[in-house]
Amino acid sequence: MVRATFKAPFAGCSAGDQGKVFMAKSRDNPEGHEPSPSRSSETSELAERIRKVQEARALAQGSEAASRQGDMTMLARGLRIAAEFVAAILVGSGIGYLIDEVAGTAPWALLGMFILGFAAGILNVIRVVAELNTRSSASSGDKDDADQRRDGV
Amino acid sequence: MANDPIHQFVINDIFTLGTIGGDGTAGSGTTIAFTNSALFMVLTVITISVYLLLSTRGRSLIPNRWQLSSEMTYEFVANMVRSSAGTEGMKFFPFVFSLFMFIFIGNMFGMVPYFFTFTSHIIVTFALSMLVMTVVVVYGFLKNGPRFLKLFVPSGVPGYIIPIVTPIEVISFLSRPISLSVRLFGNMLAGHITLKVFTGFVVSLGSLGALGILGSVLPLFMGVAITALEFMVSTVQAYVFAVLTAMYLNDAIHPSH
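In this text, all values refer to a predicted model and were calculated from it rather than measured experimentally. For every chain, the first residue of its written sequence is number 1, and the numbers climb from 1 along that sequence. All chains are assigned letters beginning with A, and all ligands numbers beginning with 1, in the order in which they are written. Under the rules for a predicted model, residues below a pLDDT of 70 receive no local features and side-chain atom pairs below 80 are neither given nor counted, while totals for whole chains, interfaces and linings still include all residues. Based on all heavy atoms of the structure, the side-chain values leave hydrogens and waters out of the count.

(A) Region of interest: the overall build of chain B. Labels follow the DSSP assignment, with helices taken as runs of H or I lasting at least four residues and strands as runs of E lasting at least two, numbered in each case from the N terminus. Within chain B, the secondary structure is distributed over 7 helices and 2 strands. Helices and strands in chain B line up, N terminus first, as β-β-α-α-α-α-α-α-α. For 257 residues, the compact-globule estimate of 2.2 N^0.38 gives 18 Å, and chain B exceeds it by more than 25% at 23 Å. With the principal axes as the frame, chain B shows a C-alpha extent of 75 × 60 × 45 Å. A contact between two residues is defined here by any heavy atoms of the two lying within 4.5 Å. Counting contacts in chain B only where the partners sit at least 6 residues apart, residues at least 24 apart contribute 67% of the total. Throughout, radius of gyration means the C-alpha value; the globule benchmark is 2.2 Å times the number of residues raised to the power 0.38.

(B) Up close: helix 4 (residues 122-144) of chain B. Residue and element names in this part refer to chain B. With 23 residues, helix 4 should cover 33 Å at 1.5 Å per step; its first-to-last C-alpha distance of 32 Å lies within 8% of that length. Listed in full, the buried residues belonging to helix 4 are Val124, Thr125, Leu128, Ser129, Val132, Met133, Val136, Tyr139, Gly140 and Asn144. The inward-facing, buried residues of helix 4 contact helix 1 (36-55), helix 3 (93-110), helix 5 (162-206) and helix 7 (217-253). Following helix 4 by one or two positions, Gly145 has its phi on the positive side, about 65 degrees. One less than the number of residues in a helix, times 1.5 Å, gives the span that helix is expected to have. Think of it in three bands: residues with accessible area under 20% of the maximum for their type are buried, residues over 50% are exposed, and the middle band is partly exposed, with areas taken using a 1.4 Å probe on protein chains only.

(C) Molecular detail of the environment of Phe34(B). All names here are of chain B. Tracing the backbone shows Phe34 in strand 2 (residues 30-35). Sequence spacing of Phe34 and Thr119 is 85 residues, and the spatial spacing of their C-alpha atoms is 17 Å. Setting aside chain neighbours within four positions, we find Phe34 in contact with Asn12, Asp13, Ile14, Phe15, Leu17, Leu39 and Val42.

(D) How the structure looks around the side chain of Ser129(B). Residues and elements named next belong to chain B. Residue position: Ser129 is located in helix 4. Identification of polar contacts relies on pairs of N or O atoms within 3.5 Å, with a donor-acceptor requirement for protein atoms, meaning one able to donate a hydrogen and the other able to accept it, and with residues adjacent in sequence counted only if both atoms are side-chain atoms. Only 3.2 Å separates the side chain of Ser129 from the backbone oxygen of Pro177, close enough to count as a polar contact. Residues within four places of Ser129 in sequence aside, it is in contact with Pro177, Leu180, Ser181 and Phe241.

(E) Broad picture of the packing of aromatic side chains. Residue and element names in this part refer to chain B. In this analysis, rings of Phe, Tyr and Trp, with Trp reduced to its six-membered ring, are considered paired at centre separations within 6.5 Å, and the interplanar angle assigns stacked below 30 degrees, edge-to-face beyond 60, and tilted for intermediate values. For the coordinates displayed, the defined rule picks out 16 aromatic pairs over all chains. With centroids separated by 5.0 Å and ring planes inclined at 50 degrees, the aromatic side chains of Phe40 and Phe115 adopt a geometry described as tilted. Note that Phe40 is positioned in helix 1 and Phe115 in the loop between helix 3 and helix 4, a separation of 75 residues in sequence. What makes Phe115 partly exposed here is its relative accessible area of 33%.

Okay, structure coming up:
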């Protein structure tokens, strides 16, 4: 993506490699509008403008992506936690039921494995929340969030 | 019935390929048929193949829009795999990318009216998640041998707790394919039913005369909003499935918590 936005302006530039050389020069001393040929100062000015626009765009895109991801994970987050919790209980109860069927110990294995499944569900939820927290604080770099997590867990 | 919200999930045989099992009499055994679900899976694979082949045909240094879009998809999935499973996980990139594209395009096909959503059937999503778990278990044992079982024994746990913790860890591991498949299936099923019910209200209310037509504006807006939400859910669920695949593969590569 970055490559494309970076290359696209050059693609339109008829000067080609020559233009790149001028731009490299202008990046070394950004103030230096070389007085000699008008074309060189024109290209360096253009390079300066392109750089500014690119910076602004990168900034805007970064904040936009962060906010969008926050929105998306809020919905996915709840559904994920619910699924993890329920699935563990279902699997635990299922294993217990099978043990009962095989060993004829109904209903004790079912009850015991149900409780273990519940514990596994809690474990799943804790893992998911911890992982989501690290990811969201890593993406947004929110210091308060990270502090809260450290205190909480 | 036109207004039946479940009708969209009915599987129809397009043509039968034959039967397996049974005792030879008519109606016995299991019929293997090419269904509308299979048709849309094939269409999804064809769409993905055509899109990727055509968009990367030019392979120019300065990409056009199509090439850029496929490169962005590549980078999106590649970054996801790298951040979840590390550089070592990149050997599973083709697997994760195929899963992501298959689910994503399948979900998107589901958003087209009169199209069949194969991800709204739990057997499809369960097969996909069992594929993931099979890869995880097989690769985990191939690469780590018995050390893969360390996954069920968390490090730093005192010995007398291990008999309690290990069954919990085993159940937690076994619940992964269930939660992976139920999440995708549930989201797609619930979303499509909601969409159908709300847009069905528009028709039902609209047949009640002038006041009904006025009232049907509300479910119409709701239908538009839910359509947008469904597009988002389709994307998010494909993403979540791929991320979790990458994370489970990470467990197979580095089997210690």
